[in-house]
Amino acid sequence: MQIGFNFTLGETTAMVQQLVREGAIDYVELLIDNFLHVPPEDIARAFDAPVAFHIMFSRFLEADEAFLHDLASRLQPYIQVLRPMYVSDHIAYFSHQGRVLFHIGEIEYLTEYEHVRSRVMQWQAALGCVVHFENYPSIVDGSHDAPAFFERLMNDTDAGTLFDVSNAICAQRNAGPPISDWVRVMRHARHFHVSSYNTAFVDQRVTVDSHDGQLADDTLDSLRLYRHLMDKPGATLTYERDENIEYDSILQDLITLRTCYAASDKV
């Protein structure tokens, strides 16, 4: 298993370079939207490691065709120069009836499949590559349909799933599907995310994907339980941390992940 770190903020450049230099990570996942103002050649020189792309604001489910083709034309030089290990995106809504949402919104898995399938096909064609789509830290009643939705989407579009283990734990804590329901998706996925979670500030009963601290015990237990499905040739696991950026704390989690996947060789 190759272990990476998500690079979202320019001010963390030195820390990410240190993680690469010290061998704590094997690659850097770029939240590429944040770096489209930086020439791809400069990004290539910044990190002595492979990179991967995570797209946050394509809004491919709701954006018009002209916007998507423009964004794709801006992303393609980065794909051509940096040759990312994977390109990933999110199946979610960013607005409702013309108003921008404060938090991104989850889709209805049973009723919106054909719309999502069509949009995934268009977005992959515009980018000219396979896109790996991240599962949501569900809070909606229909989230039990999410695992089958992702499995069907992979089969019908040749897209991939960027399976976020901690998002699946959030969904489970929010009375969504148990992580065991994702076994078939994990078996076929090659790229994974993991991070911390926390309670929502508006409602303590809701668990949200927070990226603000160390990995929880139930997240680590799931990584160990399903590592035989995740650890395969070319597989990646990106550790996400956008808040409370503390080098020693991050390094400790990365060491824990290394230990977890080193042990998988003995299973």
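Anyway, here's the lowdown on the structure attached to this text. Just so we're clear, the structure is a prediction, and the values are computed from it rather than from any experiment.

Secondary structure assignment for the chain yields 10 helices and 12 strands. Relative to the 2.2 N^0.38 estimate, which gives 18 Å for 267 residues, the radius of gyration of the chain is 18 Å and therefore close to what a compact globule would have. Looking at the chain residue by residue over its 267 residues, the buried ones come to 53%. Contacts in the chain between residues far apart in sequence, at least 24 positions, make up 76% of those at least 6 positions apart. As presented, the chain carries roughly 12,400 Å² of accessible surface, and 50% of it is formed by carbon and sulfur atoms. Taking the 20 positively charged and 39 negatively charged side chains of the chain as two groups, their mean positions are separated by 4 Å.

The eight strands lie next to each other as 1-2-3-4-7-8-9-12, forming a closed barrel whose pairing is parallel. Here the strands of the sheet are splayed against their neighbours by 30° on average, with no regard to which way each runs. Pairing geometry for strand 9 (residues 191-194) and strand 12 (residues 236-239), over four bridges, is parallel. In the sheet register, histidine 193 faces strand 12, and the bridge partner there is threonine 238. Strands in contact with helix 6 (residues 165-173) are strand 7 (132-134), strand 8 (160-164) and strand 9; relative to strand 8, the strand with the most contacts, it is inclined by about 65°.

With that settled, the discussion passes to the packing of helix 4 (residues 113-127) against helix 5 (residues 146-157). Contact geometry for helix 4 and helix 5: axes closest at 11 Å, N-to-C directions at 45°. In terms of orientation, helix 4 and helix 5 fall into the oblique class. As helix 4 packs across helix 5, the resulting crossing turns out to be right-handed. Across the interface between the two elements, Tyr113, Glu114, Val116, Arg117, Val120, Met121 and Gln124 of helix 4 pack against Phe149, Arg152, Leu153, Asp156 and Thr157 of helix 5. Tallied by class, residues from the contact of helix 4 with helix 5 come to six nonpolar, two polar and four charged.

In this section: the side chain of aspartate 89. By the secondary structure assignment, aspartate 89 is in strand 4 (residues 87-90). Looking at aspartate 89, its side chain comes within polar contact range of the side chain of serine 58, at 2.7 Å. With residues up to four places along the chain from it excluded, the contact list for aspartate 89 reads Ile55, Ser58, Phe60, Trp123, Val131, His132, Phe133 and Glu134.

This paragraph deals with the pattern of salt bridges. Applying the stated criterion across every chain yields a total of nine salt bridges. Aspartate 42 serves as the salt-bridge partner of arginine 45, at 2.4 Å between the closest nitrogen and oxygen. Linking arginine 45 with aspartate 42, this pair stays in helix 2 (residues 40-46), spanning three residues, or about one helical turn. Since its relative accessible area comes to 64%, arginine 45 is described here as exposed. In this structure aspartate 42 comes out as partly exposed when scored by relative accessible area, which is 35%. Ionic pairing is found between glutamate 114 and arginine 117, a salt bridge with its closest N-O pair at 3.0 Å.

Below, the discussion takes up the packing of aromatic side chains. Applying the stated criterion across every chain yields a total of 11 aromatic pairs. In this structure an aromatic cluster arises from ring pairing among Tyr109, Tyr113, Phe149, Phe150, Phe163, Trp182 and Phe192. Over the ring of tyrosine 113 we find arginine 152; its NZ or CZ atom is 3.8 Å from the centre of that ring.

Quick look at the environment of phenylalanine 5 now. Positionally, phenylalanine 5 belongs in strand 1 (residues 2-7). In this structure the C-alpha to C-alpha distance between phenylalanine 5 and serine 58, which are 53 residues apart in sequence, comes to 21 Å. Beyond its immediate stretch of four places on either side in the chain, phenylalanine 5 contacts Met15, Val16, Leu19, Ile25, Tyr27, Val28, Glu29, Thr238, Tyr239, Arg241 and Ile250.

Burial along strand 9 is two-sided: the residues His191 and His193 and Phe192 and Val194 are all buried. One ladder, built from three bridges, connects strand 8 with strand 9; its direction is parallel. Residue pairing for strand 9: phenylalanine 163 is matched across the bridge by phenylalanine 192.

Taken together, the side chains of Phe102, Phe201 and Val202 make up a nonpolar region of the molecular surface, amounting to roughly 450 Å² of accessible area. Residue placement: phenylalanine 201 occurs in the loop between strand 10 (197-200) and strand 11 (203-209).

What counts as what
Residues numbered from 1 in each chain as written. Predicted model: local features only at pLDDT ≥ 70, side-chain atom pairs only at ≥ 80, totals over all residues. Heavy atoms only, no water. Helix = DSSP H or I, 4+ residues; strand = E, 2+ residues; numbered from the N terminus. Rg over C-alpha atoms; globule rule 2.2 N^0.38 Å. Buried < 20%, exposed > 50% of the residue type's maximum accessible area, 1.4 Å probe, protein only. Contact = heavy atoms within 4.5 Å. Areas by Shrake-Rupley, 256 points an atom, 1.4 Å probe, with all protein chains shown as cover. Lys, Arg positive; Asp, Glu negative; His and termini not counted. Charge placed at Lys NZ, Arg CZ, Asp CG, Glu CD. Pairing = 2+ DSSP bridges. Axes fitted to C-alpha atoms, helices over the stretch in contact; angles between N-to-C directions. Parallel < 35°, antiparallel > 145°, perpendicular 65-115°, else oblique. Left-handed = near helix turned anticlockwise from the far one by under 90°. Nonpolar A, V, L, I, M, F, W, Y, C, P; charged D, E, K, R; others polar. Polar contact = N/O pair within 3.5 Å; in protein donor to acceptor, adjacent residues only side chain to side chain. Salt bridge = Lys/Arg side-chain N within 4 Å of Asp/Glu carboxyl O. Phe/Tyr/Trp six-rings, centres within 6.5 Å; stacked < 30°, edge-to-face > 60°. Lys NZ or Arg CZ within 6 Å of the ring centre and 35° of its normal. Patch = residues over 30% accessible without salt bridge, like charges linked within 9 Å, V, L, I, M, F, W, Y side chains within 5 Å.

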